[in-house]
Amino acid sequence: MTTLDVMKDDARRGPAFGGPELDMILGYLAYERDTLLWKLDGLDDEQLRRRHEPSGLTLLGLVKHLTDVERMWFRGIVGGVDIRHHRDPADPDRWWRIEPDDTTDRLIADYRTECAHADALIRVRGLDAGVAFVREPREADMNVRWVAIHMIEETARHNGHADLMREAIDGATGE
Amino acid sequence: MTATPRRTQPPLGGEEREMLVGFLNGQRDTLLWKLDGLDDEQVRRPHEPSGLTLLGIVKHLTDVERSWFREVVAGEDLGHLWDDADPDRYWRIEPEDTTAGLIADYRAECAAADAIVLASDLGAPVTGPRPREQGMTIRWVVLHMIEETARHYGHADLIREAIDGRTGE
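In this text the structure is predicted, and so the values were computed from the model without any measurement. The written sequence of each chain sets the order in which its residues are numbered from 1. Going through the entries in the order they are written, you letter the chains from A and number the ligands from 1. Restriction of local features to residues with pLDDT of at least 70 applies here, the model being predicted, together with a cutoff of 80 or more for giving and counting side-chain atom pairs; totals for whole chains, interfaces and linings are based on all residues. Side-chain descriptors were evaluated using all non-hydrogen atoms of the structure, hydrogens and water having been removed beforehand.

### A word on the interface of chain B and chain A
How large an interface is tends to be reported as the accessible area lost when its parts come together.
Part 1 of the argument: Only heavy atoms enter the contact rule, under which two residues are in contact if any of them lie within 4.5 Å. At the junction of the two partners, chain B supplies 40 residues and chain A supplies 41 residues.
Part 2 of the argument: Simply put, the buried area is the total loss of 1.4 Å probe accessible area from both parts when two parts are fitted together. Buried surface at the junction of chain B and chain A, summed over both partners, amounts to about 3,100 Å²; 63% is from carbon and sulfur atoms.
Part 3 of the argument: Looking at the side of chain B facing chain A, the largest losses of area belong to Leu12(B), Arg151(B) and Leu158(B), adding up to 26% of the total buried there.
Part 4 of the argument: Salt bridge criterion: a side-chain nitrogen from Lys or Arg within 4 Å of a carboxyl oxygen from Asp or Glu. The interface formed by chain B and chain A holds 2 salt bridges in total.
Part 5 of the argument: Ionic pairing is found between Arg151(B) and Asp163(A), a salt bridge with its closest N-O pair at 2.8 Å.
Part 6 of the argument: Any pair of N or O atoms that falls within 3.5 Å is considered a polar contact. Within protein, one atom must be able to donate a hydrogen and the other to accept it, and sequence-neighbouring residues count only if both atoms are side-chain atoms. Counting across the chain B and chain A interface gives 16 residue pairs in polar contact (both at pLDDT 80 or more).
Part 7 of the argument: Elements supplying a minimum of two residues to the side of chain B that touches chain A: α1 (16-33) and α5 (138-164) of chain B. Strands are runs of DSSP state E lasting at least two residues, helices are runs of H or I lasting at least four, and both sets are numbered from the N terminus onward.

So, in C-alpha cells, the structure goes:
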C-alpha cells in the first residue's frame, strides 16, 4: 500500500510577518491550503477515504469539497465564469463523495490547480475590485477582499475538522 | 444556556480594518453559537481521544486573544497569567469556573482586542514582540486570530455533533 507524500517534512508555506495586505492574504491562503494537505500526508488510500462518524466526512472528501468551493468563489463569483455545469442541485453531495474512479493524486492535483486559478484572479483583480457575478442584490457590494478572507476562514474551519479526523485515524496531531 | 442568538456578519465590501474586525467577530460568535442550548455537563464533556471540551476551547481562546492583542500587539506585561510548568492551564476547566463566567471573560477579552485593533494602523509593528516575532505587524496578528478561531470552531463542529448531533455552518 502506498502512502501519500504530499507535504513531506512539513513544507508548508506561510505569510510573512509584514508587507502589503495582498501578499499577506495570499500567504495565509497558501498556509491554510498547505495545512489541509499536510493533514493527509503519510496516509494510505483507505485511511484517506475512511468515514468519520457520525458525520461521514472523509479527509479526501474535504479536499474535493474545497476544490469546488475555491472554483465557485474565485472562477465563478470573482471571475464570472459560468460554472453551473459543475453543479447539480439534485446532488448536493457530489463534491463530498469520492467516486471509484477518483484517484488521490488526481484530486490533490485538481485542488492545487483550482487554488492557482484563485491566486491568479486575486492578483489580477486586486482586493478592492467587486465580484463579476452577483448572486443576489445584497451581495452587490461584495469585493475580492471579502471572498479571499472568507476562503481563509472556510479552509481553516475545515482544517479543524481534519485535525480531529486525522487524530481518530492514527493519533497524529499538530497545528 | 443561550450564548449568542445572532452572529456578526462582516461587511461584504469596503476597507480592510473594518472587514477584518467584522470577520473576527463573526468567528467568535460562531464559536459561542456552537455551545448554544447545551448544559453544563455537555459543554465540559471531553471529546476523545483528544480530551477537548467546548468550554475548554472558549477558555483557551480567551487566553489566546489576551496574549496576542494585549501582550504582543499592545505590549502589556501579563507574565503573571502564565505558568510555564502548567501549559494546560487555559484548557482545563476548574471546579470554580462557571460557564457564564468563562463566556463573559471571553467577550471581555475580545472587546479589549477590538479596541486595540480599531485604534491601530494594521501595517504597524507590534509593540511587545517576543524574540521570534520581530518584524510582526498587527495585520498578521488579526488574520492569524481569524484563522485560529475558525480552526477551533472546526473542532467545535465535530465535538458538538458528537454531543447531540447538531451540525450547521
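Structure shown, so let's carry the discussion forward.
### Quick notes on the pattern of salt bridges
Part 1 of the argument: Overall, the coordinates contain 43 salt bridges over all chains when judged by the stated rule.
Part 2 of the argument: The salt bridge involving Arg66(B) is made with Glu109(B); its shortest N-O contact spans 3.8 Å. Residue Arg66(B) is located in helix α3 (residues 54-73), and its partner Glu109(B) is located in helix α4 (residues 99-118); the two are separated by 43 residues in the primary sequence.
Part 3 of the argument: A 1.4 Å probe rolled over the protein chains alone gives each residue an accessible area, and that area as a share of the maximum for its type sets the label: buried under 20%, exposed over 50%, partly exposed in between. Residue Arg66(B) is classed as buried on the basis of its relative accessible area of 11%.
Part 4 of the argument: With a relative accessible area of 7%, Glu109(B) lands in the buried category.
Part 5 of the argument: With a closest N to O distance of 3.1 Å, Glu76(B) and Arg70(B) form a salt bridge.
Part 6 of the argument: Each member of the salt-bridge network shares a partner with another, and the members are Asp68(A), Arg71(A), Arg75(A), Arg87(A) and Glu114(A).

### Points about the environment of Val117(B)
Residue and element names in this part refer to chain B.
Part 1 of the argument: Here Val117 lies in helix α4.
Part 2 of the argument: Distance from Val117 to Leu20, taken between C-alpha atoms, is 9.5 Å for residues 97 residues apart in sequence.
Part 3 of the argument: Excluding residues that lie within four positions of it along the chain, Val117 makes contacts with Arg17, Val21, Phe69, Leu122 and Val142.

### Brief notes about the confidence of the model for chain B
Part 1 of the argument: The pLDDT score gives, residue by residue, the confidence of the prediction method on a 0 to 100 scale. Confidence in the prediction for chain B averages 94 pLDDT; 97% of positions are at 70 or higher.
Part 2 of the argument: Two numbers describe this predicted complex: its pTM, 0.95, and its ipTM, 0.94.

### Quick look at the packing of helix α1 (residues 21-38) of chain A against helix α5 (residues 144-170) of chain A
Residues and elements named next belong to chain A.
Part 1 of the argument: Lines fitted to the C-alpha atoms define the axes, with helices restricted to the stretch that makes contact. Angles between their N-to-C directions range from 0 to 180 degrees. Orientation of α1 relative to α5, taken along the N-to-C sense of each, is 25 degrees, at an axis distance of 9 Å. It follows that α1 is roughly parallel to α5 by the angle criterion. At the point where α1 passes α5, the crossing takes the left-handed sense. Along its contact with α1, which presents Glu21, Ile25, Tyr28, Leu29, Glu32, Arg33, Thr35, Leu36 and Trp38, the element α5 presents Arg145, Ala148, Ile149, Met151, Ile152, Thr155, Ala156, Asn159, Ala162 and Arg166.
Part 2 of the argument: For this classification, the nonpolar set comprises Ala, Val, Leu, Ile, Met, Phe, Trp, Tyr, Cys and Pro, the charged set comprises Asp, Glu, Lys and Arg, and every other residue, Gly included, is treated as polar. Residues of the contact of α1 with α5, tallied by class, amount to 11 nonpolar, 3 polar and 5 charged. Geometric relationships in this document are graded by angle, where less than 35 degrees denotes roughly parallel, more than 145 denotes roughly antiparallel, 65 to 115 denotes roughly perpendicular, and other angles denote oblique. Helix crossings are classified by the rotation of the near helix relative to the far one: an anticlockwise turn of less than a right angle makes the crossing left-handed, while a clockwise turn makes it right-handed.

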